[in-house]
Amino acid sequence: MAEQRQAVERPLSPHLHIYRLTITMAMSILHRIVGVALYAGTALVAWWLIATATGPEAYAAFRSVADHVLGQLVLFGFTWALLHHLFSGIRYLVWDEIVATSPKAADRISWAAAIAALAATVLVWAVICTMRGAI
């Protein structure tokens with residue numbers, strides 16, 4: 001007599017399409033992406049330091065790239081990435097102290113970190129442009 005196999009009713013594992021994107025989730029994902037992107041930005045800092053130490057010709061080559069519109073956009077993005085990672089890291093430190101862990105407080109601190117990173121980036125670039133005399 002052959003046994004008949006019946007499908008067992010098992011709960012399905014939740015998948016990405018079940019979740020709605022929240023600010024805490026987006027900030028967590030972005031924190032990791034930005035952390036990886038900062039490695040590439042470190043190459044820019046190394047290039048700048050090496051060009052500065054090498055001499056006027058090497059520094060002029062760096063400045064020609066950095067002063068271009070695309071170079072400025074990359075440097076602005078690097079500044080934002082650095083500050084975003086900083087403020088997001090502070091958010092994690094706050095959570096490590098078991099503060100602001102309720103869903104509403106977690107959303108607020110996540111929004112605060114995102115806004116602070118953007119505001120600080122604009123402030124840094126406003127200071128840079130003022131010092132250059134561009135404003």
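My aim in this report is to walk through the structure given alongside it, one point at a time. (Residues numbered from 1 in each chain as written. Predicted model: local features only at pLDDT ≥ 70, side-chain atom pairs only at ≥ 80, totals over all residues. Heavy atoms only, no water.)

1. Looking at helix H3 (residues 69-96)
Helix length check: H3 (28 residues) gives 40 Å between terminal C-alpha atoms against 40 Å at 1.5 Å per residue, within 8%. Of all the positions in H3, only Gly 71, Gln 72, Phe 78, Thr 79, Ala 81, Leu 83, His 84, Ser 88, Arg 91 and Trp 95 are classed as buried. Contacts made by the buried residues of H3 are with helix H1 (23-54), helix H2 (56-66) and helix H4 (103-132). Note on H3: the residue one or two positions beyond its end, Ile 98, has a positive phi of about 55°. (Helix = DSSP H or I, 4+ residues; strand = E, 2+ residues; numbered from the N terminus. Expected span 1.5 Å × (residues − 1). Buried < 20%, exposed > 50% of the residue type's maximum accessible area, 1.4 Å probe, protein only. Contact = heavy atoms within 4.5 Å.)

2. Focus: a nonpolar patch on the surface
On the surface, Ile 18, Tyr 19, Leu 21, Met 25, Ile 29, Leu 30 and Ile 33 cluster together into a nonpolar patch covering about 670 Å² of accessible area. Position of Ile 29 among the secondary structure elements: in helix H1. Residue classification places Ile 29 among the partly exposed residues on the basis of a relative accessible area of 44%. (Patch = residues over 30% accessible without salt bridge, like charges linked within 9 Å, V, L, I, M, F, W, Y side chains within 5 Å. Areas by Shrake-Rupley, 256 points an atom, 1.4 Å probe, with all protein chains shown as cover. Salt bridge = Lys/Arg side-chain N within 4 Å of Asp/Glu carboxyl O.)

3. Regarding the packing of H3 against H4
Contact pair H3 / H4: the axes reach a minimum separation of 8 Å and the direction vectors enclose 145°. The chirality of how H3 crosses H4 is right-handed. Of the residues in H4, those in contact with Gln 72, Leu 75, Phe 76, Thr 79, Trp 80, Leu 83, His 84, Phe 87, Ser 88, Arg 91, Val 94 and Trp 95 of H3 are Ala 106, Ile 109, Ser 110, Ala 113, Ala 116, Ala 117, Leu 118, Ala 120, Thr 121, Val 124, Trp 125 and Arg 132. Per-class residue counts for the contact of H3 with H4 are 16 nonpolar, 6 polar and 2 charged. (Axes fitted to C-alpha atoms, helices over the stretch in contact; angles between N-to-C directions. Left-handed = near helix turned anticlockwise from the far one by under 90°. Nonpolar A, V, L, I, M, F, W, Y, C, P; charged D, E, K, R; others polar.)

4. Some words on the pattern of salt bridges
This structure, assessed with the given rule, holds 2 salt bridges. One salt bridge in this structure joins Arg 63 and Asp 67, with 3.1 Å as the shortest N-O distance. Exposure remark for Asp 67: the relative accessible area of 38% places this residue in the partly exposed category. Salt bridges linked by common partners bring Arg 63, Asp 67 and Arg 132 together as one network.

5. Some details on H4
Along an α-helix, a turn takes 3.6 residues, which lines up residues three or four apart on a common side. For H4, with 30 residues, the first-to-last C-alpha span of 44 Å sits near the 44 Å given by 1.5 Å per residue. Among the residues of H4, Ala 105, Ala 106, Ile 109, Ser 110, Ala 113, Ala 117, Ala 120, Thr 121 and Trp 125 are the ones counted as buried. Where H4 is buried, its residues touch H1 and H3.

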